[in-house]
Amino acid sequence: MNVDQGLFVPLVLGLIEGLTEFLPVSSTGHLLLAGEFFGLTQPAVFIVLIQLGAILAIVTIYFAKLATLIRDALTGKPYAWAFARNVILASFPAALAGVALHDFIQGVLYETPLVICIMLLLGGIVLLIVDRLPLKPRYTDIYTYPWHLSLIVGLFQMLALIPGVSRSGATIVGSMLFGTDKRSAAEFTFFIALPIMIGAFGYDFYKSRALMTADLGLSIAIGFAASFVVGAIVVRYLLDFVSRHGFAPFAYWRIAVGGIGLVALLVMR
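Residues numbered from 1 in each chain as written. Predicted model: local features only at pLDDT ≥ 70, side-chain atom pairs only at ≥ 80, totals over all residues. Heavy atoms only, no water.

**Q** Could you clarify how one ought to interpret unusual backbone geometry in this entry?
**A** With glycine set apart, most residues show a phi of negative sign, and most peptide bonds adopt trans. The phi torsion at S26 lies on the positive side, around 80°, for a residue other than glycine. Relative to the assigned elements, S26 resides in the loop between α1 (8-20) and α2 (27-38). Even without glycine at this site, S166 takes up a positive phi of about 90°. Among the secondary structure elements, S166 is positioned in the loop between α9 (147-158) and α10 (167-177). Judged by its relative accessible area of 4%, S166 is buried. (Helix = DSSP H or I, 4+ residues; strand = E, 2+ residues; numbered from the N terminus. Buried < 20%, exposed > 50% of the residue type's maximum accessible area, 1.4 Å probe, protein only.)

**Q** Just checking my understanding: could you explain the packing of aromatic side chains for this structure?
**A** Considering all chains together, one arrives at 11 aromatic pairs under this definition. Summarising the aromatic geometry, the rings of F22 and F190 are spaced 5.6 Å apart at their centres and angled 85° between planes, so their arrangement reads as edge-to-face. Of this pair, F22 sits in the loop between α1 and α2 while F190 sits in helix α11 (residues 182-207), and the two are 168 residues apart along the sequence. You'll find F22 and F190 in the same group, each marked buried. Where Y62 meets F191, the ring centres are 5.1 Å apart and the plane angle is 70°; that geometry is what we call edge-to-face. With Y62 in the loop between α4 (51-61) and α5 (63-74) and F191 in helix α11, this pair connects stretches of sequence that are 129 residues apart. A relative accessible area of 4% places F191 in the buried class. (Phe/Tyr/Trp six-rings, centres within 6.5 Å; stacked < 30°, edge-to-face > 60°.)

**Q** Help me understand helix α12 (residues 214-245) in this model?
**A** Three- or four-residue spacings in an α-helix give side chains the same orientation, since the helix completes a turn every 3.6 residues. An ideal rise of 1.5 Å per residue puts 46 Å on 32 residues; α12 measures up with 44 Å between its terminal C-alpha atoms. At L238, α12 is deflected by roughly 40°, the largest bend along its length. Remark: G246 follows α12 within two positions and exhibits a positive phi of approximately 70°. (Expected span 1.5 Å × (residues − 1). Bend = angle between axes of the 7 residues up to and from the residue.)

Shown next as C-alpha cells:
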C-alpha cells in the first residue's frame, strides 16, 4: 500500500521514532516495517538523522543532571569522571562495530524484513524471561556502576546494530543479567544513548551529505520535531512505568509485532 509521501509520512515516522526509541522494542525495526508493510518510506539516512530529535529529548529532560555532571567533572569530582568513563566504555564497542559494518547494516539488514521480525520476536521472548527471573540487584545507582559492568553493557549494545534487536532492550537485558535493577538499567541506557546516537548522526550525515536535498531536509526536520516531542514525553514517564510494571508489556508488544510481521511476510510470498 503506497501512501502519498508529502509531509504525512515523515511526521508519522517521527512519531514512531520518538515513541519507540527509548522503549525496548526497536525503533529502527518499527520504522523499517512501517515502510515494508504500509509504504511509509524514506531514505535509510532519514531513519538515523531523525534520532537527533530523540537525543535532544534526553538533553532536555536530563539537563539539570547533565549540567551537574559537567560541573562536577570540571571541578575534579571523581564520581563524575568515573561516570564519564563508564559511558564511553559502554558506547565504544557499538560505535566501532557500527563504523566497520555500516554499509552491510544499511544495505543488507535494513532491507531484510524477515530478520527484523525474527529479532523482534526473539528479543521479546528474551526480555520476558529476564524480566521474570528472580534476579538480586547489586547495583541500583548508575553513578556507582563498576567499569567492567559498563563494558559488558557496551558489548550487549553491539547486538542492537541488527534492526529489530533494540538498543535499549539489549542494554537493559545486559545490565539486569549482570546485577542492576530495572530502573537504573533503563536510566543508564538513556545516558549511553547520547554518544552513540550523536556519533551515528554525524557519521551518516557526513556520508550522505551529497544526497541531501531541500525535500529530504524538510522531511528530516518534520521527523526530528515529532521525535523530539514524543521522545521527551516517553523519557519523562518511562522510569516510573518500568518501576511499577517492569518490561513485560514491551516484551508482549515485541512478540505481537514480530509474530504478525512473520505471518504477513508469509502471506505476501
